[in-house]
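This is what each chain is made of:
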Amino acid sequence: MKRGVGLTLLAAALSVVVSSCGNGVIDKSTDGVPPAEATGTLRVLLPSFPPSTKGREEFQKVVDDFQKTYPKMKVEPDFATYNNLNEKLSTSIAAGIPYDVMVTGVGWIQPFASKRIFEDLGKYGLTPDVIKEKSTAALIPAVTYDGKLYGYPLIADTRAVALRKSAFREAGLDPDKPPTSLAEIKVAAEKLTKRDKNGNITRSGFDLASATGFRQSFTTFLSSTGTPLYVGGEPNFDNKAGLDTLLWIKSMINNVQPYGQTNAAQQPLVLTGEAAMGIVGGAVDCSDKGIGQKNCDDLKFFRFNSGKEIEYVGGDLASIGSRSRHKDAAWSFIQSLTKPATLDALAKLNKKVPAYKDSANSPQAKSNPLSQFVADGLIYAANENEVPANWLEMRGNFDIQLTQAVLGQKDPAKVLHNLAGQSR
Amino acid sequence: MSTTLERPALGTPRKVAPAKDRGTLLRSQVRTGWTLLTPALLHSGIFIVIPVIAVLVLSLTDYSFGDTWSWVGFGNYSTLFRDVDFLASLWHTVLYAIVVIPISMAISLAVAIGLNQKIKGIGFFRTAFYIPTVTATVAIATIWLWIYNPGSGLANGFLSLFGVAPNRWLADPATALPSLMVVGIWQGLGTKIIIYLAALQGVSRDLLESADLDGASRWQKFANVTWPALGPVQFFVLITSIVGTFQVFDLVYVMTRGGPGSETRVLVLDIYQNAFQDLKLGYASAETVIMMIVIALFIGVGRLLQRADTND
Amino acid sequence: MTSATLPAVGAGQSSSKPSAIRPGRILLYVVLIIGALLMITPFLWMVLTAFKSDLEIMKFSWLPSELRWRNFTEAMQTAPFLRYFRNSLFIAVGETAFTLAVCTTAGYALAKMPLRGGKMLLNYFILLLLVPFQIILVPLFMIVKSIPLFGGNNILGHGGIGWLNSWWGLIIPLGAAPLFTFLARQFYVSLPDELAQAARVDGLGEFGIFWRIMTPLIKPALITICVFQIEAAWNGFLWPLMITTSDTMRPLQLGLAIFSQNPAEIQWPYLMAGTALATLPMIVLFVFAQKRFVEGMANVGIKG
């Protein structure tokens, strides 16, 4: 027993010594305090800056700009990865020490706003009319919940389609008249698919870029028929357009592309010629360090159009935590973060395009043909649209069940009906 | 002479040193025992038991990181048994465990015995078998994705030498889980081999030599000397294999994310996604409780099997 | 009882001393070589990939067209990797020392001390193994945040951040895993009690018996624990990510995550180069550790 008491005392003594070195007491609120006098630490969670030396330099520029207004406040960045963003967000919320500024993606705003984790930015003058002037229209629905704005778009993550001119000519197709509707794409893709003597596909006719799930590609194809996935939080896919789209995907998989096909780098297959046509991201490196000029010249970009020309757009969105004690400062930080020069740097670091209004004339758009193409196409933006509050949960459901329908394990119509029922 | 190693009884020593009074010795042993045990009990109490209690409590709520939450009693549990994703995960995990545990234990014991011989290049071989354990999972996943690639993959290339038709491996619902099991077995060998190797050092050489003198065959030596001496470590490997296979996560997460569809969805993946993607922490907690009960059942069965085994 | 007279299968081999070449030996070598190749291949591929260009890396292939050593230097210059290495080393050493101290003592007590409810205690540690780390992440985070008297916390654990963003938080909660207590116990339990009794006759105290007699005998197990714990600490990702916000304490694996930070734009050559460099110390460590297994053998010459 004596020993136990001794140990406890020792531990207590030790902890007193150590705690004197620690700091980081939770701050007093600075809201309402004049910026020049506000003190404390602004905690910022953002996956948009890679924590490399270069990413850090760019971030420091934002901090310097912020500190022109708030000279006495410190900024503590947390460079999380996109993959672990949710873990960081949720533990900080559960532990009662949420971040002041949080950067998330399309699909996060509505669930977090409905849980009252994000702050309504209207209080700081960010109204629908104001954002229209500042930001690309593409991402405004993504930051809107219940008619109010809960986020500020930073950069846009886009998807276009590309074809290999050489493959088209070889198959007797005209590369200058790319197939854009689902029906046309299927006809062309079947002609472009190459097989060995055993019938195994050696070059895919069309890369659906859906190795991990069909949620994003289904949304894209469905939108191109003029049918958004959700309207006002209500499912809009348990209908003929939804079923036709899903059946179309089913008819493509293992017909023009093997299920689950991906290359070692998990990059779009059309860039390396492993597919003759396919979905691509928002930038392409034409230098010798990337895919090279020769590959680049063989590519032609276009957009899906089965009645409506569309381009899938996601992006990074900055929000203020509703339990932040530095909301004024957080808003000021977001203003520093959204200056065009910062967004240009972010776009370059992430190989995406800036989400400000004139993205088509941004340095990133000028730097490579694909970024120029997708920036020009931001007016055709489409994504899941106005998602329901349980969207984070639905994302996984879509990925699982659409695959089951495509692989013939479940009836496509039933799958869509089921998914519609699960959306709340 | 008997070559069966007496397994030391747990706890109480049978004989007592004559110089000391029995009671004094016992008291001093008990005191030392508790002193030695206290740090581990404190540590595990704070960092494991309290969180588990928190999980138990959470499992009765609908907590989802929002401002409000409420008690739902056993609502989460009753929902779970109607959740197709959970049931699929449970089934896949049990299958995975049943296949992977015996195969990987048998292979690693065989390799460990092989590596316990006096052979040339022993250091190289030991290191080689351990390398998968230290190689980053992302590298392991990438190369196995290549091996299993339906088009240009190594596995199909190798099988085509024997005229076997190409398989779709991870992309085929029928073969996805078995393909994953192979990687699981492959990756888990290293640690088990090391433990067996360490244990093989403890097998009494005197006993092996006297068995030699008796003219015992290799197999007899193994069955009568080595195998009984490995008992405690076999038990350790069995328990940790059960726990390890039930908690398989990283490998599935980077290789298939549970796909195609939910064909390779396993319990921890489902729990993780419920907790951190769907943000349903209460629900995920209930799932964890069920999972721990299932593992405990398996361990119970494992202990029964082991007892039967060491008694003969 | 082993009866020697039976003409058992393979009896011809068993009694004769190893001769130069035997079919059994050759088979053993062949099996081991094939096995070793199967084990090493992914690692080799990783090292080869580290030399490739972005374009080469997209296609599945073995050899790079040239040895791009600059991939290694460029990868290491992307971020302060020297600091990440140092941090990982610090965490690994700290965690291993802590684990050895806590788990050997507890393992010995479970194996050799006549504690009331000893069996129950063993079951307790086995039950602890069932707990999946991923799900106690949130409660564990909250406990670490509420460690009293640390990081600005008062005696009740309120007001500050506890062990978040501290070496304590990085090392202590994940150290001393019940797995290692269990492992140590299983090795101590194999040691014969007669040894301890002989020492008692010589007048050695109980702690002395544990420390000077029994623990040296399970050296292979101690090395095993060290190897496993160092490797676990070295490869730790999720926990350090969760509880650190500042970069000054982050370990190697978080540094490597820079290259795969954006899942759509993974910088494979750098990732593989960095990963290969990060794995190297672990392999060197193992090469040295495995020699010690043999050393342990010489010490354990106990009569059964």
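Preceding this paragraph is the structure being described.
From a predicted model like this one, the values you see are computed outputs, not experimental measurements. Within every chain, residues take consecutive numbers counted from 1 along the sequence as written. Each chain is given a letter, starting from A, and each ligand a number, starting from 1, according to the order in which they appear as written. Local features in this predicted model are restricted to residues of pLDDT 70 or higher, and side-chain atom pairs are both shown and tallied only at a pLDDT of 80 or more, whereas totals for entire chains, interfaces and linings draw on every residue. Derived side-chain values reflect all non-hydrogen atoms in the structure, with water molecules and hydrogen atoms excluded from consideration.

Caption draft 1: Region of the structure containing the overall build of chain A. A count of helical and extended segments in chain A gives 16 helices and 16 strands. In terms of overall size, chain A behaves like a compact globule, its C-alpha atoms giving a radius of gyration of 24 Å where 424 residues would be expected to give roughly 22 Å. With the C-alpha coordinates of chain A rotated into their principal frame, the extents come out at 80 × 55 × 45 Å. Within chain A, the proportion of its 424 residues that are buried is 59%. For chain A, the proportion of contacts with a sequence separation of at least 24, taken over those separated by at least 6, is 74%. The Shrake-Rupley method, run with a 1.4 Å probe, gives the accessible areas here. Residue values count only the displayed protein chains as cover. Only carbon and sulfur atoms are counted for the fraction: they give 53% of the accessible area of chain A, which is about 16700 Å². Under the scheme used here, helices are H or I runs from DSSP no shorter than 4 residues and strands are E runs no shorter than 2 residues, and both carry numbers assigned from the N terminus. Here the globule rule reads 2.2 Å times residues to the power 0.38, and the radius of gyration is calculated from C-alpha atoms. To sort residues, take the accessible area from a 1.4 Å probe on protein chains only and compare it with the maximum for the residue type: under 20% means buried, over 50% means exposed, and anything in between is partly exposed. Two residues qualify as a contact provided that any one of their heavy atoms is within 4.5 Å of a heavy atom in the partner residue.

Caption draft 2: Structural detail: unusual backbone geometry. The backbone phi angle of L279 of chain B is positive, close to 60°, even though this residue is not glycine. Counting through the fold element by element, L279 of chain B comes out in the loop between α12 (267–277) and α13 (281–311). On the basis of relative accessible area, L279 of chain B is assigned to the buried category, the value being 1%. Phi angles above zero are rare outside glycine, and N165 of chain C is one such case at about 60°.

Caption draft 3: Representation of helix α9 (residues 218–229) of chain B within the structure. Residue and element names in this part refer to chain B. The end-to-end C-alpha distance of α9 is 15 Å, a good match for the 16 Å that twelve residues give at a rise of 1.5 Å each. Every buried residue of α9 is listed here: Q220, K221, V225, T226, P228 and A229. Tucked inside the fold, the buried residues of α9 contact α7 (176–201), α8 (205–213) and α10 (231–246). What a helix should span is 1.5 Å times the count of its residues minus one.

Caption draft 4: Geometry of the interface of chain B and chain C. If you look at the interface, chain B gives 109 residues, while chain C gives 110 residues. Buried area between chain B and chain C, summed over both chains or domains, comes out near 9700 Å², and the portion from carbon and sulfur atoms is 74%. In what follows, salt bridge is the name for a side-chain nitrogen of Lys or Arg lying within 4 Å of a carboxyl oxygen of Asp or Glu. Seen at the junction of chain B and chain C, the total is zero salt bridges. In protein, a polar contact requires one atom able to donate a hydrogen and another able to accept it; more generally it is a pair of N or O atoms within 3.5 Å, and residues adjacent in sequence count only if both atoms are side-chain atoms. Taken together, the connections running from chain B to chain C amount to eleven residue pairs in polar contact (both at pLDDT 80 or more). Residue contributions to the side of chain B that touches chain C peak at 25 residues, all from helix α1 (residues 22–58) of chain B. Residue classes follow a fixed rule: Ala, Val, Leu, Ile, Met, Phe, Trp, Tyr, Cys and Pro count as nonpolar, while Asp, Glu, Lys and Arg count as charged, and any other residue, Gly among them, counts as polar. When grouped by side-chain class, the residues that make up the side of chain B that touches chain C number 69 nonpolar, 31 polar and nine charged. Here the buried area means the combined drop in accessible surface, using a 1.4 Å probe, for two parts upon being joined, counting both sides.

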